[in-house]
Amino acid sequence: MSETNITKDVQKTDTQDVTVKQNPDVQAVEIQPAEVQEVNVLDVDAATDDALETEVEGNPEPTAVETVQKADEDAVDEQVVLEPASDPIPTLETEEESFKKMFEASLKEQPVVKRGEMVKGMVVSINDDAVIVDVGAKAEGSIPVAEFEQAGLNIPALGDEVDALVQSVGGTAGVKLSVLEARQREAWSGLEAALADHSSVDAVITAEVKGGFRVNLNGLNAFMPRSEADTDFHVNADKLIGQTCKVAILEARRKPDNIVVSRKKPMAVEQEAMRTVFFEQHAVGDKVSSEVKRMVDFGAFVDLGGVDALLHVSDISWRRIKHPSEMLSAGQQVTVEIVKMNAETGKVSVSMKVLQSDPWKSMATTYEPGMRLTGTVRRLLDFGAVVELEPGIEGMIHRSELSWTKRDVKPSQVLTEGDVVDVAVLEVDASARRLRLSLKAVSENPWQAWMSDHPVGSHITGKIKNITEFGFFVPVEAGMDGLVHVENLSWDQKGEDALKEYSKGQEIECAILGVDVEKQRISLGIKQLSDDPFELFMAGVKRGSSIKGKVSELKPSGMIVELAEGVHAYLANREIPRDHDALKEGTEIEAKIIEVNRKRRQVELSIKQQLHAEERDAVRSYSRKTADDSTPSALALELQRKLLDRIEPKKKPKMKAVKSEKKASKRIAAEPEKKAPKKRTKKA
């Protein structure tokens, strides 16, 4: 059969308004006036002839209308194949009516999309702003590219099928679609179902906000409080961003939109189940492999498979460390031993050092007092420094053992952490796990060396460094000072008065009085540069001697008597007879020395005992003189009796008979010179 080209004259038909009935919540869709094509048949006779020539055997001959309809459906590049017809040739009015019916039929066959319904389409085009989708409607739909990212979807490729929600139909934009709203509609249904049956849904943590995190639930934005982010409050927020996780729905309202979720609730349920299994399968003493989860100042938390166990900083190593980061890092795999378990509280404690040998067990045989070792300063404390001799073995250098010349020095002024130093072992106590070390013991003692070069009694010269209320210090060597006490300033002045004569920076000469190597003290004196007048004076007198002096100061209880230059004695009022003349400053007296204290440099005097001694001496002298006389006179006997009564008036016994003058004189003369009057009276 031959094909005949038919020229189509496209004419605009009268405008037709087609109204599609929709649901009450869907807007009316207006179909714009369509262009109706009319076909003018040219040279009908020629077409009829050709059709007859190409008659197909066995096929019924179509009518003219059927031929035109067949041509409209199968037309390619505006070519129509006409079948020969035996019917009369159609007129122009007949063809217009046919095209009208065909157009109405095509409108009925074309699917109608409605606002708010879900559609499935094929991607036919992609540009920078939108993805074009064929949904089978008259016009193609468009989806903004940004919605795919917001909905958590990848941008589709050409030919991919996409589920979307119809947002609007008609207008210049055609069919406007949304994958974000489609996912949100599905997400809301899932959220409400999860809230009802207390199940979990998948979510993506997108950002950190004030008080918590923003979470994406299949295109829906939800809020997760920080307290609901993890079972561990110290979780790192940076590690949560971008993480996909299971969350529980705490609250979900559509108007206004408000969704609150919790990551902690499903985690807690999962951990509780794992914790139960862990406590059923493990016991104290088990060795387990774990991962360091996070570190704190007092240790590290390791994950034992749903159970966070504490690895205390003291259980990491026998070596003392300040912070677990010195030996561990987050994510590190370690082997530990369970040392404590409490199923009720869910707490587990583990240790690494119990899997290592204890270095202190062999310490007693390795270290002994007097050894010199090399160590590293690990810590500086207020009272000393900690030195590591080997991993796990540390000793203490007390601040008093840091320097020979610096007393009570701060450890930070002598050492710094990390210094390698030589030390001497002072004490080893393996049971107490204690080592006492000394830094100064490995160097020469400057106090000992200085004492050997400056014996007691030698003189030195220096400038006063500082003055205190008890004396002043004079530098004798670098880092070594000597003390001049106030008592060693003057022989004849009070210390406080003598101290006023000295000032800081004044150069003086001192005598070395002594050196205490252990206490690191040097005693100096100024008055020792000259002889002690007290000792010189006391060298010629002794207790019981009679001495003369001059009253220099009167006091309520007595007076001060100057015996010689720089030598003073004390005369108490009780040692002065009542009938004695009144004493004034400058009055010269004679008294007896009754007490001498060389250490305190004190001398006590008595006028009473001086007078008694004089009377006793007079009696003895008279008795010796008259002892050789045969018959003492009555006057002599009376004088003797009065003298004896005056010496011991209270203890004199009554005489029952008059004894002979000669016998009494012989007894007095024969009495020892140093006997006390009491004893002499008793014998009488």
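Owing to the predicted nature of the structure, the values given are computational and were not obtained by experimental measurement. Position numbers for residues count from 1 along each chain, tracking the sequence in the order it is written. Reporting in this predicted model follows two pLDDT cut-offs: at least 70 for local features of residues, and 80 or more for side-chain atom pairs to be given and counted; totals over whole chains, interfaces and linings ignore these cut-offs and use all residues. Only heavy atoms go into the side-chain values, all of them from the structure, while hydrogens and water stay out.

Side note on the overall build of the protein chain
The test is simple: Numbered from the N terminus, helices here are DSSP runs of H or I no shorter than four residues, and strands are runs of E no shorter than two. Note on classification: 1.4 Å probe, protein chains only; a residue is buried when its accessible area is under 20% of the maximum for its type, exposed when over 50%, partly exposed between these limits. By the convention used here, residues are in contact when the closest approach between their heavy atoms is within 4.5 Å. Every accessible area reported is derived by Shrake-Rupley at a probe size of 1.4 Å, with residue values counting cover from the shown protein chains alone.
Assigned secondary structure in the protein chain consists of 15 helices and 35 strands. Counting the 684 residues in the protein chain, one finds 36% classified as buried. Contacts in the protein chain between residues at least 24 apart in sequence constitute 60% of all its contacts with a sequence separation of at least 6. Summing over all exposed atoms, the protein chain offers an accessible surface of approximately 41600 Å²; the carbon and sulfur share of this is 48%.

Regarding the sheet that holds strand 26 (residues 466-468)
Here is the rule we go by: A strand pair is defined by DSSP finding two or more bridges across the two strands. Helix axes are fitted to C-alpha atoms over the stretch in contact, other axes to C-alpha atoms as well, and angles between N-to-C directions run from 0 to 180 degrees.
The strand order across the open sheet built from 6 strands is 25-29-30-28-27-26, with neighbouring strands paired in mixed fashion. What marks the edges here is a single partner per strand, and that holds for strand 25 (459-463) and strand 26. Strand-to-strand, the axes of this sheet are offset by a mean angle of 45 degrees, without reference to chain direction.

A short note on the sheet that holds strand 9 (residues 175-178)
Ordered in space as 5-6-7-9-8, the 5 strands form a closed barrel in which the pairing is mixed. When the angles between neighbouring strand axes are averaged without regard to direction, this sheet yields 55 degrees. In the sheet, strand 6 (residues 130-134) pairs with strand 7 (residues 141-144) via 4 bridges, with the strands oriented antiparallel. Its bridge partner being in strand 7, Ala130 is matched across the sheet by Pro144. Each of strand 5 (118-126), strand 7, strand 8 (161-168) and strand 9 touches helix 5 (residues 179-197); the most contacted strand, strand 8, lies at about 95 degrees to it.

Considerations on the nonpolar core
Keep this limit in mind: Take the buried residues of types Ala, Val, Leu, Ile, Met, Phe, Trp, Tyr and Cys, join any two whose side-chain atoms come within 4.5 Å, and each joined set is a nonpolar core.
Counting 23 residues, the largest nonpolar core has Phe472, Leu489 and Leu524 as the members making the most contacts within it. Those elements that provide at least two residues to this core are helix 9 (446-453), strand 27 (471-477), strand 28 (480-485), helix 10 (495-499), strand 29 (507-516) and strand 30 (521-525). Top contributing element to this core by residue count: strand 29, with 4 residues. Those residues within four positions of Leu524 in sequence are excluded, and the remaining contacts are Ile460, Val474, Val476, Gly482, Leu483, Val484, His485, Asn488, Cys510, Ala511, Ile512 and Leu513. By size, the runner-up hydrophobic cluster in this structure holds 22 residues, among which are Ala187, Leu191, Met224 and Ala237.

Brief notes about the side chain of Gln610
Inspection of the secondary structure assignment puts Gln610 in helix 12 (residues 607-626). Gln610 gets classed as buried once you look at its relative accessible area, which sits at 4%.

Some points on the pattern of salt bridges
To keep it simple, the criterion reads: Salt bridges are counted wherever a side-chain nitrogen of Lys or Arg sits within 4 Å of a carboxyl oxygen of Asp or Glu.
One pass over the structure, following the stated rule, counts 17 salt bridges. Between Lys293 and Asp308 there is a salt bridge, and its shortest N-O distance comes to 3.0 Å. Taken as a pair, Lys293 in strand 15 (residues 287-296) and Asp308 in strand 17 (residues 308-312) lie far apart in primary sequence, 15 residues in all. By relative accessible area, Lys293 is classed as partly exposed at 33%. Here Asp481 ties to Lys465 by a salt bridge, and the two come within 3.0 Å at their closest N and O atoms.

A few points about the packing of aromatic side chains
How two aromatic rings sit relative to each other is given by the distance of their centres and the angle of their planes. Stated formally: Between 30 and 60 degrees the pair is tilted, below 30 it is stacked and above 60 it is edge-to-face, where a pair is any two Phe, Tyr or Trp rings, Trp via its six-membered ring, whose centres lie within 6.5 Å.
Tallied over the entire structure, the rule returns 4 aromatic pairs. Seen from their ring centres, Phe298 and Phe301 are 6.4 Å apart, and the 85 degrees between their planes marks the pair as edge-to-face. Since its relative accessible area comes to 18%, Phe301 is described here as buried.

Describing the environment of Lys542
The residue Lys542 is located in the loop between helix 11 (533-538) and strand 31 (546-555) in this model. Linking Lys542 and Glu595, residues 53 residues apart in sequence, is a C-alpha distance of 9.2 Å.

Things to note about the confidence of the model for the protein chain
Convention followed: Residue-level confidence of the predictor, termed pLDDT, takes values from 0 up to 100.
Overall, the predicted model of the protein chain reaches an average pLDDT of 76, with 74% of residues at or above 70. Segment residues 1-86 is flagged for pLDDT under 50; beyond a separation of four residues in sequence, or across chains, it makes 100 contacts in the model. Note that residues 650-662 has pLDDT below 50 and, in this model, 16 contacts with residues that lie over four places away or in other chains.

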